[in-house]
Amino acid sequence: MLLSVIVPMYNEEEIAAKTYTTLVDVLKDLEYELLFINDGSTDKTREILENLIPEDSPHKVLSFSRNFGHQAAFSAGLNHAQGDAVVIIDGDLQDPPELILEMLSKWREGYHVVYAQRRKRQGESWFKLITARWFYRILNSLTSIKIPVDTGDFRLMDRAVVDNINRLPERSRFLRGLVCWVGFKHTGIQYDRAKREAGTTKYPLRKMMGLAIDGITSFSTAPLKFSLVLGMWATAISFALGVWSFAQKLLHPTTTTDGWASIIIAVVFLGGVQLITIGILGEYIGRIYEEIKQRPLYILDKSSRGKKYDMDS
Ligand code: UDP
Ligand code: MG
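In this report, the structure presented in the accompanying data block is examined. (Residues numbered from 1 in each chain as written. Chains lettered and ligands numbered in written order. Predicted model: local features only at pLDDT ≥ 70, side-chain atom pairs only at ≥ 80, totals over all residues. Heavy atoms only, no water.)

Here's the deal with the site of ligand 1
Around ligand 1, a shell composed of 19 residues is seen, among which Glu-12, Asp-39, Asp-92, Thr-201 and Lys-202 lie nearest. At 3.1 Å, a side-chain N or O of Asn-67 approaches an oxygen atom of ligand 1. When isolated, ligand 1 has an accessible area of 530 Å², and the protein chains bury 95% of it. Residues of the shell around ligand 1, tallied by class, amount to four nonpolar, six polar and nine charged. (Near = heavy atom within 4 Å. Polar contact = N/O pair within 3.5 Å; in protein donor to acceptor, adjacent residues only side chain to side chain. Areas by Shrake-Rupley, 256 points an atom, 1.4 Å probe, with all protein chains shown as cover. Nonpolar A, V, L, I, M, F, W, Y, C, P; charged D, E, K, R; others polar.)

Some words on the packing of aromatic side chains
Counting across every chain of the model gives four aromatic pairs. Between Phe-64 and Phe-68, the ring centres sit 5.6 Å apart and the planes meet at 90°, which makes this aromatic pair edge-to-face. Each member of the pair, Phe-64 as well as Phe-68, carries the same accessibility label: buried. Here Phe-154 and Tyr-191 contribute two aromatic rings whose centre-to-centre distance is 6.0 Å and whose plane-to-plane angle is 85°, an arrangement assigned as edge-to-face. Here Phe-154 is found in strand E6 (residues 151–158), whereas its partner Tyr-191 is found in strand E7 (residues 186–193), with 37 residues between them in sequence. The buried category is assigned to Tyr-191, whose relative accessible area is 3%. Pairwise contacts between aromatic rings join Phe-64, Phe-68 and Tyr-298 into one cluster. (Phe/Tyr/Trp six-rings, centres within 6.5 Å; stacked < 30°, edge-to-face > 60°. Buried < 20%, exposed > 50% of the residue type's maximum accessible area, 1.4 Å probe, protein only. Helix = DSSP H or I, 4+ residues; strand = E, 2+ residues; numbered from the N terminus.)

Some thoughts on the side chain of Asp-43
Among the structural elements, Asp-43 can be located in the loop between strand E2 (32–38) and helix H2 (45–52). Only 3.2 Å separates the side chain of Asp-43 from the backbone nitrogen of Glu-13, close enough to count as a polar contact. A distance of 2.6 Å separates polar atoms of two side chains, one belonging to Asp-43 and the other to Thr-45. Residues within four places of Asp-43 in sequence aside, it is in contact with Asn-11, Glu-12 and Glu-13. (Contact = heavy atoms within 4.5 Å.)

Some words on the pattern of salt bridges
Tallied over the entire structure, the rule returns nine salt bridges. As a salt-bridge pair, Glu-290 and Lys-293 come within 3.6 Å of each other at their nearest N and O atoms. One end of the pair, Glu-290, and the other, Lys-293, are both in helix H10 (residues 260–293), three residues apart, so they sit about a helical turn from each other. We classify Glu-290 as partly exposed; its relative accessible area is 42%. (Salt bridge = Lys/Arg side-chain N within 4 Å of Asp/Glu carboxyl O.)

Section: the nonpolar core
Across soluble globular proteins, nonpolar side chains show a tendency to be buried alongside one another. Core analysis: the largest hydrophobic core is formed by 38 residues, its most contacted members being Ile-6, Phe-64, Leu-78, Met-157 and Ile-165. Breaking this core down by element, the ones donating at least two residues are E2, helix H3 (70–80), strand E4 (85–88), strand E5 (113–121), helix H5 (126–142), helix H6 (159–167), helix H7 (175–182) and helix H8 (205–219). Ignoring sequence-local partners within four residues, the contact set of Leu-78 consists of Ile-6, Val-86, Met-157, Val-162, Ile-165, Asn-166 and Leu-175. Residues Leu-3, Val-26, Met-103 and Ile-189 belong to the second largest nonpolar core, which totals 30 residues. (Core = buried A, V, L, I, M, F, W, Y, C linked by side-chain atoms within 4.5 Å.)

Interpretation note: all reported values are geometric properties and have no functional meaning in isolation.
What follows is the structure, encoded as structure tokens:
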């Protein structure tokens, strides 16, 4: 098989059919498979897709038993894809499918990873634009791998890259980072990101923050160093204040200085520093805990609601 196209879908009933027909239309001259990962949709996404896909086609719908998240959907897709080249693309047509053909020609030139870099984004709030912009820059300044700025997950990967990502045992999967970590020859193509054709974003701020924290903690221990530095500064400042107040006492033994404000400031400051550092530590310990439990990344729902359920997990 030449190409596998992985499409995560979470409550996309308004657009699922259009996504399917657009992809089939763009890819009609190629030997390919579509892998729809239905990430625990609670609407009609699954039925729509299962009814659209003809019995004898290589396309599949993999359904999760609940919502496991976008990144887990990619993992499922990568585990099941059979193509020599694998593309992952959002199911809301925000990533233009025509770009897949351009990616393929770069792949034929010998690149192992072709990522799509957004030049412009339409129909997204200024808040999303600013946070997305800063996220990539902060992440790169903290980590040793260089994740290209302004790229999403829309990309093509060679079989060699996919096999290596599938071998990585970690639970918290920040795919953009893992792809860079694996190495090989990378290149980017530029595009303008369109706005969502229908439906609403499945990425509220809470999920975006989660993704950002995942990205940073999976690829960097800089926050731990930051808490060490913060602790050192706090110690140095409190030591200096101690020396100063001792000297005051020696020089003016009789004056009773009203020390209320300084005590409160010191207590609050140190309390804050301690909570921040404990929080950062907790974030990493939580991750160690998640890894050690070794739970699967996703669970497939193979119940016989439709035709395409007989997949191996
Ligand atoms: N998605 C998913 N699971 C989730 C959230 C999103 O599979 O928990 C899918 C969603 O259906 C879409 C893609 O991931 O195909 C990107 O999500 P969305 O368009 O909501 O994100 P945005 O483009 O707003 O960043
Ligand atoms: Mg989208």
